[in-house]
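What follows is the residue order along each chain.
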Amino acid sequence: METVNITTSCDQQFVDLVEEESGQTLNLCYQCGNCTAGCPYSFAYDIPVSQIMRLLQLGQKETVLKSKSIWLCATCESCTTRCPNNIDVAHIMDVLRHIARREGYASVKTVKSFWDSFLDSVEKHGRAFEMGLLVNYILRTGRVWTDLDLGPKILPKGKLHFNPNDVQGKEEIAKIFERFKEGSGK
Amino acid sequence: MSGTLNYAYYPGCSGTGTSMEYDMSTRAVCSVLGIKLSDVPDWSCCGSTPAHTVDHTLSSALSARNLSLVEDMGMETTITPCPSCLTNLKTSGKRMEKEDFREKVNKLLDKPYNGTVATKSVLQILVEDLGVEAIREKVVKPLEGLKVAAYYGCIMNRPPEVMEFDDPEHPMSMDNIMEALGADVVPFPLKVECCGASFGIPRKDLVMKLSGKLLDAAEDIGAQAIVTACPLCQMNLDLRQGQINMATGSHHKIPVFYYTQLMGLALGLTEKEVGMGKLCVSPKAVLKAIGRKEKTSAK
């Protein structure tokens, strides 16, 4: 088990940043564990969500941003709904992903690649082009076997299109991404 | 209910693809019930989960472009069948009530959003604006003898401060509609548990476990079918049911309907009109059994 020396490793700036970006008061968490108890993904997390909250209070930036958990949270809102102190925990998990992206952490690469492929599709077509984003994901990850077995099930149903259904105003959407990237200095 | 129910309609990306039967059946059911839908012209993607994991301003801008189009239509309420679109449009609207955030979002847009649009799910307007009794009155083919589990997924009603509809832990709107259609609704304990969401592609193991648990629970409780209101839940439970059986050693063969498909049938629409042929797990045997149980038990 990893031990944490909080007197030397507390990054108060990080605590302040998470509070500012999420609008939540981290010290309201009194470690009841309700979020972890209800989290459907606890079995897959390397650090349970209540412990993420505790590590945040203690300013353990590296440990939190390195964790797989922040990429495996599906924003199902169980934690937020059930927190007795009305902390929007799912919002905090979102903010941690934002910071992790900015600082170059991506502990579950397949998840980040999938989300990036989805947004590429939206940026390009204005809508999610399901077949295109799957191909983009495969190209990004090299995982050519991804869901090959589902092809025969879904293709005869005529639900998966081979061509994108572009939005007429797709340049407006491309501009949203462009302005966002300019504004955030990326 | 007096007057015509009239809404801007946002189908969402999957409605034009992998959940086209949800879109088809939603439109058909609304038409039978006299609900007028006007498509948001040239609507674009709400950004779904990926956008809000990158940045909230970006995510809100993608939603706000659509809300601004609804303003152009001169309409006050937009409805969507998809809980993921719903949560993005609603969250964006709520966050943009704060002036500084609204300014940041509007800077990303060609045309600003003024914050005048309310977003609701199709399910919400069916139970709140039309009413379950109005649905009951229009049933021509009751779903007698059909045992269904109503599965809402995680975000249709959560968090309650944002979604402002039904109960966040124990929603009943879909149960009540199914009951009004004549179905036998089983009390489904996992009705708001997550199915694994969009991890089907990047972390299939998570979906196998979480959706597998839902299928096990539905079967244990004696449901012949699951009804859902979410395209992603439907895809995980239906399209991936074979994968789940392989991964968990189960033998499920349980149809997973959109609630609007079963509504359509009960309201007299054909199987084709509600896209029954688009489902992966064949619903044939279950649909044939509707109405039979009563006849045999009457012997």
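1. Brief notes about the overall build of chain A
Here is step 1 of the chain: Broken down by element type, chain A carries 12 helices and zero strands.
Here is step 2 of the chain: Each helix and strand of chain A, ordered N terminal to C terminal, gives the series α-α-α-α-α-α-α-α-α-α-α-α.
Here is step 3 of the chain: Each principal axis of the C-alpha atoms in chain A carries an extent, and together these give about 55 × 40 × 30 Å.
Here is step 4 of the chain: Counting across all 186 residues of chain A, residues that qualify as buried make up 51%.
Here is step 5 of the chain: Expressed as a percentage of contacts within chain A between residues at least 6 apart in sequence, the contacts between residues at least 24 apart total 66%.
Here is step 6 of the chain: Accessible area for chain A stands at about 9000 Å²; split by element, carbon and sulfur atoms hold 51% of it.

2. Some points on the sheet that holds strand β6 (residues 184-186) of chain B
Residues and elements named next belong to chain B.
Here is step 1 of the chain: Strand order in the open sheet formed by four strands is β6-β5-β7-β8, with parallel pairing between adjacent strands. One side of each edge strand has no neighbouring strand; the edge strands of this open sheet are β6 and β8 (256-258). Along the sheet, successive strands turn relative to each other by an average axial angle of 40°, direction set aside.
Here is step 2 of the chain: With three bridges joining them, strand β5 (residues 147-151) and β6 adopt parallel strand pairing. Directly across from Ala149, in β6, lies its bridge partner Val186.
Here is step 3 of the chain: Taken strand by strand, helix α13 (residues 259-266) contacts β5, β7 (225-228) and β8, and its axis lies near 75° from that of β8.

3. Considerations on the packing of aromatic side chains
Residue and element names in this part refer to chain A.
Here is step 1 of the chain: Inspection of every chain in the model, using the stated rule, returns eight aromatic pairs over all chains.
Here is step 2 of the chain: A centroid spacing of 6.1 Å and a plane angle of 35° characterise the contact between Trp71 and Trp115, whose relative ring orientation is tilted. With a gap of 44 residues between them, Trp71 in helix α6 (residues 69-72) and Trp115 in helix α9 (residues 109-125) connect regions that are remote in the sequence. Here the two residues Trp71 and Trp115 agree in accessibility, since each one is buried.

4. Brief notes about helix α6 (residues 122-130) of chain B
Residues and elements named next belong to chain B.
Here is step 1 of the chain: In terms of burial, α6 is largely enclosed, as eight of its nine residues are buried.
Here is step 2 of the chain: Among the residues of α6, Val122, Leu123, Gln124, Ile125, Leu126, Val127, Asp129 and Leu130 are the ones counted as buried.
Here is step 3 of the chain: Gly131 sits one or two positions beyond α6 and adopts a positive phi of about 100°.

5. Looking at the pattern of salt bridges
Side-chain pairs of opposite charge can arise whenever the charged atoms involved come near each other.
Here is step 1 of the chain: Tallying each qualifying case throughout the model produces 23 salt bridges over all chains.
Here is step 2 of the chain: Residue Lys111 of chain B is joined to Asp72 of chain B by a salt bridge in which the shortest nitrogen-to-oxygen separation is 2.7 Å. Here Lys111 of chain B is found in the loop between α5 (99-106) and β4 (118-121), whereas its partner Asp72 of chain B is found in helix α3 (residues 56-73), with 39 residues between them in sequence.
Here is step 3 of the chain: Classification of Lys111 of chain B as partly exposed rests on a relative accessible area of 41%.
Here is step 4 of the chain: Owing to a relative accessible area of 46%, Asp72 of chain B belongs among the partly exposed residues under this scheme.
Here is step 5 of the chain: One network of salt bridges, in which partners are shared, links Arg101, Lys112 and Asp116 of chain A.

6. Quick word on the pairing of β4 of chain B
Residue and element names in this part refer to chain B.
Here is step 1 of the chain: Here β4 shows a buried face lined by Thr119 and Ser121 and an unburied face lined by Ala118 and Lys120.
Here is step 2 of the chain: One ladder, built from four bridges, connects strand β3 (residues 77-80) with β4; its direction is parallel. Paired with Thr78 across the bridge in β4 is Thr119.

7. A closer look at empty space enclosed by the protein
Residue and element names in this part refer to chain A.
Here is step 1 of the chain: The tally for this structure, following the rule as stated, stands at four cavities of 30 Å³ or more.
Here is step 2 of the chain: Here the largest cavity defines a volume of roughly 110 Å³.
Here is step 3 of the chain: Around the largest cavity sit 15 residues that line it, and Cys29, Cys32, Cys35, Cys83 and Pro84 are the ones nearest its centre.
Here is step 4 of the chain: Looking at the lining of the largest cavity, the elements that each hand over two or more residues are α3 (34-38) and α4 (49-57).
Here is step 5 of the chain: Of the residues that constitute the lining of the largest cavity, the class distribution is 10 nonpolar, five polar and no charged.
Here is step 6 of the chain: Roughly 90 Å³ of internal volume is contained in the second largest cavity.
Here is step 7 of the chain: Residue composition of the lining of the second largest cavity, by class: 11 nonpolar, two polar and no charged.

8. A look at the side chain of Ser50 of chain A
All names here are of chain A.
Here is step 1 of the chain: Summarising the element assignment, Ser50 is placed in helix α4.
Here is step 2 of the chain: In this structure Ser50 comes out as buried when scored by relative accessible area, which is 11%.
Here is step 3 of the chain: Among the polar contacts listed, one links the side chain of Ser50 to the side chain of Thr36, at a separation of 2.6 Å.
Here is step 4 of the chain: Apart from the residues within four sequence positions on either side, Ser50 is in contact with Gln31, Gly33, Cys35 and Thr36.

Rules used in this analysis
Residues numbered from 1 in each chain as written. Chains lettered and ligands numbered in written order. Predicted model: local features only at pLDDT ≥ 70, side-chain atom pairs only at ≥ 80, totals over all residues. Heavy atoms only, no water. Helix = DSSP H or I, 4+ residues; strand = E, 2+ residues; numbered from the N terminus. Buried < 20%, exposed > 50% of the residue type's maximum accessible area, 1.4 Å probe, protein only. Contact = heavy atoms within 4.5 Å. Areas by Shrake-Rupley, 256 points an atom, 1.4 Å probe, with all protein chains shown as cover. Pairing = 2+ DSSP bridges. Axes fitted to C-alpha atoms, helices over the stretch in contact; angles between N-to-C directions. Phe/Tyr/Trp six-rings, centres within 6.5 Å; stacked < 30°, edge-to-face > 60°. Salt bridge = Lys/Arg side-chain N within 4 Å of Asp/Glu carboxyl O. 1 Å grid on protein atoms, 1.4 Å probe; cavity = no way out; pocket = protein on both sides within 12 Å on 5 of 7 lines; lining within 4 Å. Points joined across faces, edges and corners; volume = space filled by probe spheres on them. Nonpolar A, V, L, I, M, F, W, Y, C, P; charged D, E, K, R; others polar. Polar contact = N/O pair within 3.5 Å; in protein donor to acceptor, adjacent residues only side chain to side chain.

Geometric descriptors of this kind do not, in isolation, establish any biological role.
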